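# A closer look at the structure
Residue strings, one per chain:
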There are 2 protein chains.
Amino acid sequence: MPAPRPPLIDGLQFCNWSRAIFEQMHQAGMTAVHVTVAYHEGFRPTVDRIVEWQWRLREHADLIAPGNSAADLAAAEATGRTAIVFGLQNPLPIEDDLGLVDVLSRLGIRFMQLTYNNQSLLGCGWMEPEDSGVTTMGRAVIREMNRCGMVVDLSHSGERTTLDAIAASHRPVTVSHANPQSWKATLRNKSDKVLRALAESGGILGLSLYPVHLADGPDTTLASLCEMAARTAELVGVQNLGIGSDLCQNQPDSVLEWMRVGRWTRLPPGTPGPKFQAQPVWFRSNLDFPGLATGLRAAGFAPDEVAGILGGNWRRFMAESFAPDPSA
Amino acid sequence: MPAPRPPLIDGLQFCNWSRAIFEQMHQAGMTAVHVTVAYHEGFRPTVDRIVEWQWRLREHADLIAPGNSAADLAAAEATGRTAIVFGLQNPLPIEDDLGLVDVLSRLGIRFMQLTYNNQSLLGCGWMEPEDSGVTTMGRAVIREMNRCGMVVDLSHSGERTTLDAIAASHRPVTVSHANPQSWKATLRNKSDKVLRALAESGGILGLSLYPVHLADGPDTTLASLCEMAARTAELVGVQNLGIGSDLCQNQPDSVLEWMRVGRWTRLPPGTPGPKFQAQPVWFRSNLDFPGLATGLRAAGFAPDEVAGILGGNWRRFMAESFAPDPSA
């Protein structure tokens, strides 16, 4: 009997979803992908986005399947489909209503960022000049997320909010898509202090493949990424490393403007909108995901370590994190 | 080993919920109660009502428990708590959005009436002068309810809509709270033709204990109700009979006005609002539920038939009906 194929899991994507992309996931053998359901949407439009996903799951049931629980992940894997895990990059969908954590959890949301780039009701994003940490509502929401089995994601949070949240959460948290600041100096990436605290809590860092987070932007080599991964593994432990590619395949530039400014501000008149940078040549779609293994092996990772980084660590973390914990 | 106690299930209540009422349910040994979550609420306020129920379920977890599935019902029974089954008396909460059937199903809604008293987007209530039957959207919603495991409830629907829906549904439907028109002549009760069609489909009739639906209003005797039950059992088969008391304990009269007029009309200025009639003396709270057995036995029902009417039939129906059916 051949050994079971190790899982391949991407800890974040926000593509312009289509059957063609689901076919690429399938061809690549992706076990699961955490997909962003909403950025700046309030509750009601988020429900619309979830409904759209439910129709997609029915329409493309030969390729993708729900990824709400450990059982779902196992079922998708057993049937050779990609489990789709829902997440929010911003807590706006819960508005100012603690009860909506439970509601959105029941609708399948398994990850929620406490903040996007700026101040939220729960904490502070990395782009604010002042980070006052996790708010009073933020602490109540973290407790409720712990209870529901919704993972606290700190990818876009500021340093103080991130450290506060790691300490406040009774269950391991994640930075689903970011890199070390020591490799690419941007506050969007994470300091060694944060990465150490994340690892000590049992959380996962998903290494980002998004050009803005990479040392040399679109020209970053796979070798450079994987050397960084090796150094980061020494800092956080290889069992706490995964991939969160932040792949935004086929998205128009208008989506980038929506991500940046939502409705909360406006670009000054005449300002050109932001544009997506090109992806590095070695990661343009899910088809390139399995090939990351070559780079990781060349950087000195053992085969079981490569398997952990490309999916095993996320699978363990997701299976543990997605179950409700009534005692939390 | 003593035989397990037969289940006690009420197929509809809309009380002014309080710990005192949950304690009465517990004292009576109620296995499950279908509770009305919304009448004239749109989607967003319905979510607020569901959130209120989630807090109630946590606050009173020693007395009540979720009743979303056969497994939930069994778990509540095993722990001596009353399973709370969520239902809607009106399809307004799904607005004009087919996707919200799935969403509300995931939030625990297990019963939905196609209509309240008047015209809905899905069909026609018993108070309209003309009943044009199940609409085009109604047919799509029935199909989706069948898929999700949300029971089609026709208690307040007009004759034609009720017959159309029984024929359109691939799974058994219910009239959760009504009586035969032959006993109390009101269009809110059901004709023999409807009752026969309901039974042929495998559906359940929950006999109502609400004064307006009773032959002699508040003065109706338990003996009269149970004699009617015996005649109805001959018509529909005893296995298709249950209780749906429509108990509105402790509700102020203002709630009755809300039920009748919602926001869709207004009472003419100066018109006194409707008032609740008194309950019959033999059914004023859940504490009186087990005592219905005495009347049923006196009317000639065998012990296993009594057990079926007071809970066994609902339990079988709920366990079969609440599971999703992806092939529907």
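Please refer to the structure placed before this passage.
Residues numbered from 1 in each chain as written. Chains lettered and ligands numbered in written order. Predicted model: local features only at pLDDT ≥ 70, side-chain atom pairs only at ≥ 80, totals over all residues. Heavy atoms only, no water.

### With respect to unusual backbone geometry
All names here are of chain A. What counts here: Segments assigned H or I by DSSP are reported as helices when at least four residues long, segments assigned E as strands when at least two residues long, and all are numbered from the N terminus.
We note that Glu 95 has phi near 50°; this positive angle belongs to a residue other than glycine. Backbone geometry at Asp 246 places phi at a positive 60°, although glycine is not the residue there. With respect to the helices and strands, Asp 246 occurs in the loop between strand 9 (241-243) and helix 9 (253-261).

### Quick notes on the interface of chain A and chain B
When the parts of a complex come together, some accessible area is lost, and that lost area is often used as the size of the interface. Our working rule: Contacts: residue pairs with any heavy atoms within 4.5 Å of one another. Put simply, buried area is the surface a 1.4 Å probe can reach on two separate parts but cannot reach once they are joined, added for both. Salt-bridge detection follows one rule: a side-chain nitrogen of Lys or Arg within 4 Å of a carboxyl oxygen of Asp or Glu. Pairs of N or O atoms within 3.5 Å make up the polar contacts considered here, provided that, within protein, one atom can donate a hydrogen while the other can accept it, and that residues adjacent in sequence are counted only when both atoms are side-chain atoms.
In this assembly, 20 residues from chain A lie in contact with 20 residues from chain B. Carbon and sulfur atoms make up 59% of the surface buried where chain A meets chain B, a total of about 1,700 Å² over both sides. The three residues of chain A that bury the most area against chain B are Arg44(A), Arg58(A) and Arg106(A), which together make up 29% of that side's buried surface. Between the two partners, chain A and chain B, sit six salt bridges. Between Glu95(B) and Arg44(A) there is a salt bridge, with its nearest N and O atoms 3.2 Å apart. On the surface where chain A and chain B come into contact, there are six residue pairs in polar contact (both at pLDDT 80 or more). Looking at the side of chain A that touches chain B element by element, the count peaks at eight residues for helix 2 (residues 43-59) of chain A.

### A few points about the pairing of strand 1 (residues 9-13) of chain B
Residue and element names in this part refer to chain B. Going by this rule: Partly exposed describes any residue whose relative accessible area lies between the buried limit of under 20% and the exposed limit of over 50%, with all areas from a 1.4 Å probe on protein chains only and scaled to the type maximum. At least two bridges found by DSSP between two strands is the condition for calling them paired. Looking down the strands as they point away from you, a crossover is right-handed if its path from the first strand over the helix to the second goes clockwise.
Burial within strand 1 is extensive, with five of its five residues counted as buried. Direction of pairing for strand 1 relative to strand 2 (residues 32-38): parallel, over a ladder of three bridges. Residue pairing for strand 2: Gln 13 is matched across the bridge by Val 35. Traced from strand 1 through helix 1 (residues 19-28) to strand 2, the parallel crossover comes out right-handed.

### A short note on the relation of the copies chain A and chain B
What counts is decided by this rule: C-alpha atoms of residues with pLDDT of at least 70 in both copies form the basis for the least-squares superposition of the copies.
Placing chain A over chain B gives an RMSD of 0.0 Å and needs a rotation angle of 180°, together with 0.0 Å of translation along the axis. The relationship between the two copies is best expressed as a two-fold rotation axis. Of the C-alpha atoms belonging to chain A, the one lying closest to the rotation axis is found on Arg106(A), 3.1 Å away.

### A short note on the side chain of Thr174(B)
All names here are of chain B. Mapped onto the elements, Thr 174 comes out in strand 7 (residues 174-178). Accessibility expressed as a relative area gives 0% for Thr 174, which makes it buried. A polar side-chain atom of Thr 174 sits 2.7 Å from the main-chain carbonyl oxygen of Ile 204. Contact partners of Thr 174, with chain neighbours within four places excluded, come to Phe 111, Val 151, Val 152, Asp 153, Leu 154, Ser 155, Leu 198, Ile 204, Trp 314 and Phe 317.

### Here we look at the packing of aromatic side chains
All names here are of chain A. To be explicit about the condition: Pairing of aromatic rings covers Phe, Tyr and the six-membered ring of Trp, with a centre-to-centre limit of 6.5 Å; geometry is then stacked below 30 degrees between planes, edge-to-face above 60, and tilted otherwise. We call a charge positioned over a ring when the NZ of a Lys or the CZ of an Arg lies within 6 Å of the ring centre and within 35 degrees of the ring normal.
Under the defined criterion, the tally for this structure stands at 21 aromatic pairs over all chains. On the basis of an interplanar angle of 50° and a centroid distance of 6.0 Å, the ring pair of Phe 22 and Trp 53 is categorised as tilted. Highlighted residues: Phe 22 in helix 1 (residues 19-28) and Trp 53 in helix 2, separated in sequence by 31 residues. Overall, the relative accessible area of 0% leaves Phe 22 in the buried class. Residue class for Trp 53 comes out buried when judged on its relative accessible area of 2%. Taken together through their ring pairs, the aromatic side chains of Trp 17, Phe 22, Trp 53 and Phe 86 make up a single cluster. Its guanidinium or amino end placed over the ring of Trp 53, Arg 56 lies 4.5 Å from that ring's centre, counting from NZ or CZ. Sitting over the face of the ring of Phe 322, Arg 110 holds its NZ or CZ atom 5.8 Å from the ring centroid.

### Examining the pairing of strand 2 of chain B
Residues and elements named next belong to chain B. The buried fraction of strand 2 is high, at seven of seven residues. Note: strand 2 against strand 4 (residues 82-88), six bridges, orientation parallel. Residue His 34 lies in a different strand from strand 4, and its bridge partner there is Val 85.

### Comments concerning helix 2 (residues 43-59) of chain B
Residues and elements named next belong to chain B. Threshold: Under the convention used throughout, the expected extent of a helix is 1.5 Å for every residue step, that is, one less than its residue count. Arc definition: directions from the helix axis to the C-beta atoms.
With 17 residues, helix 2 extends 24 Å from end C-alpha to end C-alpha; this agrees with the ideal 24 Å at 1.5 Å per step. Looking only at helix 2, the buried set comprises Phe 43, Thr 46, Val 47, Ile 50, Val 51, Trp 53, Gln 54 and Leu 57. Buried residues in helix 2, looked at end-on, bunch into an arc of 160°, giving them a common side.

### Let's talk about the packing of helix 2 of chain A against helix 4 (residues 99-106) of chain B
Short version of the rule: Every axis in this analysis is a line fitted to C-alpha atoms, fitted for helices over the stretch in contact. Angles between the N-to-C directions lie between 0 and 180 degrees. Should an angle fall under 35 degrees it is taken as roughly parallel, and over 145 as roughly antiparallel, whereas 65 to 115 is taken as roughly perpendicular and any remaining angle as oblique. Classification used: nonpolar for Ala, Val, Leu, Ile, Met, Phe, Trp, Tyr, Cys and Pro, charged for Asp, Glu, Lys and Arg, polar for all others including Gly.
Two elements in contact, helix 2 of chain A and helix 4 of chain B, have axes separated by 9 Å at closest approach and are oriented at 100°. In terms of their interaxial angle, helix 2 of chain A and helix 4 of chain B are classed as roughly perpendicular. Listed contacts from helix 4 of chain B to Arg44(A), Val47(A), Val51(A), Gln54(A) and Trp55(A) of helix 2 of chain A are Gly99(B), Leu100(B), Asp102(B), Val103(B) and Arg106(B). In the contact of helix 2 of chain A with helix 4 of chain B, the residues fall into five nonpolar, two polar and three charged.

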